[in-house]
Amino acid sequence: MRAMTTERLATDIYKEFKAKPEAQRIATEFALIELAKLVSEIKPKNVLEIGAGIGTITALLLQHPNRPSQITVTEANPVCLLELEKNLKGLALEGYKLIKSADDLKPHDVFDLVIFDGILDEDKQYRVFKLGSWCFVEGSRTKTIIGLKKKLESFGLTINMQTKRPGGQKLKWKSARTILGVPLPAFKFRPVKGCSSGQVTSLVKST
Ligand SMILES: C[S@@+](CC[C@H](N)C(=O)[O-])C[C@H]1O[C@@H](n2cnc3c(N)ncnc32)[C@H](O)[C@@H]1O
């Protein structure tokens with residue numbers, strides 16, 4: 001395990017994975033730092049990562065000072081599966097499990113932390129929460145958050161997701177067009193990519 005701050009660990013992993021093949025869709029550096037901080041705070045034992053891709057978030061979990069003892073990740077894309085295997089080589093994989101579909105989950109599998117950076121199964125992916133579970137969402141994934149809230153409500157549970165964005169801004173001005181990589185002065189607002197997290201609580205407030 002690397003002896004360094006979790007923020008530095010996240011930054012180093014981001015830089016390392018950004019340079020790897022098939023890195024177009026990896027988690028942002030901002031999301032990795034926020035996730036590293038959340039894991040330090042809540043110390044989950046049992047984590048489900050939906051959409052492992054090439055393994056950026058998985059590598060962070062495996063090397064985190066508060067490494068969860070059970071890490072289940074989902075991935076089915078053949079290109080990603082090849083890269084994932086290469087990218088996790090050399091890391092301690094005790095308690096790590098790769099599954100391809102929601103059917104590989106046991107009916108009563110529930111997790112302390114569920115990370116969404118992909119989709120497993122629109123319905124089954126929401127059954128893995130219990131009272132007190134945490135959820136971390138990379139990017140906006142509005143549909144995922146709405147689906148999760150709806151499903152939890154049918155179990156008498158709820159979740160208040162808090163969104164964080166780099167610089168705290170929701171939108172920023174960006175050049176709409178570039179020519180040969182040079183931004184032109186035709187600006188428009190673009191959403192700023194962030195991440196969200198929250199904890200499952202009871203829908204009925206105790207008195
Ligand atoms: C946002 S990506 C997940 C990224 C991953 N968490 C990471 O940070 O390395 C979501 C999904 O996109 C698909 N995907 C990611 N990279 C891909 C690639 N280079 N080619 C094809 N599919 C890809 C995978 O199925 C993955 O689960």
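Cut-offs applied
Residues numbered from 1 in each chain as written. Predicted model: local features only at pLDDT ≥ 70, side-chain atom pairs only at ≥ 80, totals over all residues. Heavy atoms only, no water. Salt bridge = Lys/Arg side-chain N within 4 Å of Asp/Glu carboxyl O. Helix = DSSP H or I, 4+ residues; strand = E, 2+ residues; numbered from the N terminus. Buried < 20%, exposed > 50% of the residue type's maximum accessible area, 1.4 Å probe, protein only. Pairing = 2+ DSSP bridges. Near = heavy atom within 4 Å. Polar contact = N/O pair within 3.5 Å; in protein donor to acceptor, adjacent residues only side chain to side chain. Areas by Shrake-Rupley, 256 points an atom, 1.4 Å probe, with all protein chains shown as cover. Nonpolar A, V, L, I, M, F, W, Y, C, P; charged D, E, K, R; others polar. Core = buried A, V, L, I, M, F, W, Y, C linked by side-chain atoms within 4.5 Å. Contact = heavy atoms within 4.5 Å.

Draft legend 1. Broad picture of the pattern of salt bridges. Inspection of every chain in the model, using the stated rule, returns 12 salt bridges. Note that Lys86 is salt-bridged to Glu83, the shortest N-O span being 3.3 Å. Residue Lys86 and its partner Glu83 are both found in helix H4 (residues 78-87); the two are separated by 3 residues, about one turn of the helix. Here Glu83 falls in the buried class, since its relative accessible area comes to 9%. As a salt-bridge pair, Lys124 and Asp103 come within 2.4 Å of each other at their nearest N and O atoms. A residue pair is termed long-range when its members are at least 10 positions apart, and Lys124 in the loop between strand E4 (113-116) and strand E5 (134-138) and Asp103 in the loop between strand E3 (96-99) and E4 qualify at 21 residues. Residue Lys124 is classed as partly exposed on the basis of its relative accessible area of 28%. Using a relative accessible area of 57% as the deciding quantity, one classes Asp103 as exposed. Put simply, Glu34, Lys37 and Lys164 are held in one network by salt bridges that share partners.

Draft legend 2. The arrangement of the pairing of E4 in detail. Residues Leu113 and Ile115 point to one face of E4 and Val114 and Phe116 to the other, with burial holding for every one of them. Direction of pairing for strand E1 (residues 46-50) relative to E4: parallel, over a ladder of 4 bridges. Looking at E4, one finds that Val47 is bridged to Leu113. Sheet topology note: the E4/E5 ladder contains 4 bridges and is parallel. Residue pairing across strands places Val114 opposite Cys135, the latter belonging to E5.

Draft legend 3. Layout of the site of the ligand. If you check the shell around the ligand, you find 17 residues, and the closest are Glu22, Ala27, Thr56, Glu75 and Asp117. The backbone of Gly51 places a nitrogen or oxygen atom 3.0 Å from a nitrogen atom of the ligand. Thr56 is positioned with one of its side-chain polar atoms (N or O) 2.8 Å from an oxygen atom of the ligand. Coverage of the ligand by the protein amounts to 84% of the 590 Å² it exposes when considered alone. Of the residues in the shell around the ligand, the class split is 6 nonpolar, 6 polar and 5 charged.

Draft legend 4. Highlighting the nonpolar core. If you look at the biggest cluster of nonpolar residues, it comprises 33 residues, and the most contacted ones within it are Leu35, Leu60, Leu113, Ile115 and Phe136. Only helix H1 (6-18), helix H2 (29-42), helix H3 (56-63), strand E2 (70-74), E4 and E5 provide two or more residues apiece to this core. With 7 residues, the top contributor of residues to this core is H2. In contact with Leu35, other than residues within four places in its own chain, are Ile57, Leu60, Leu113, Ile115 and Phe136. Ranked by size, the runner-up nonpolar core spans 21 residues in total, among them Leu120, Tyr126, Val137 and Leu148.

Draft legend 5. Structural view of unusual backbone geometry. A positive phi is found at Lys43, a non-glycine position, where the angle reads about 45°. Looking at where Lys43 falls in the secondary structure, it is placed in the loop between H2 and E1. Positive phi, normally seen in glycine, also occurs at Arg141, with a value near 45°. Position of Arg141 relative to the elements: it lies in the loop between E5 and helix H5 (142-154).

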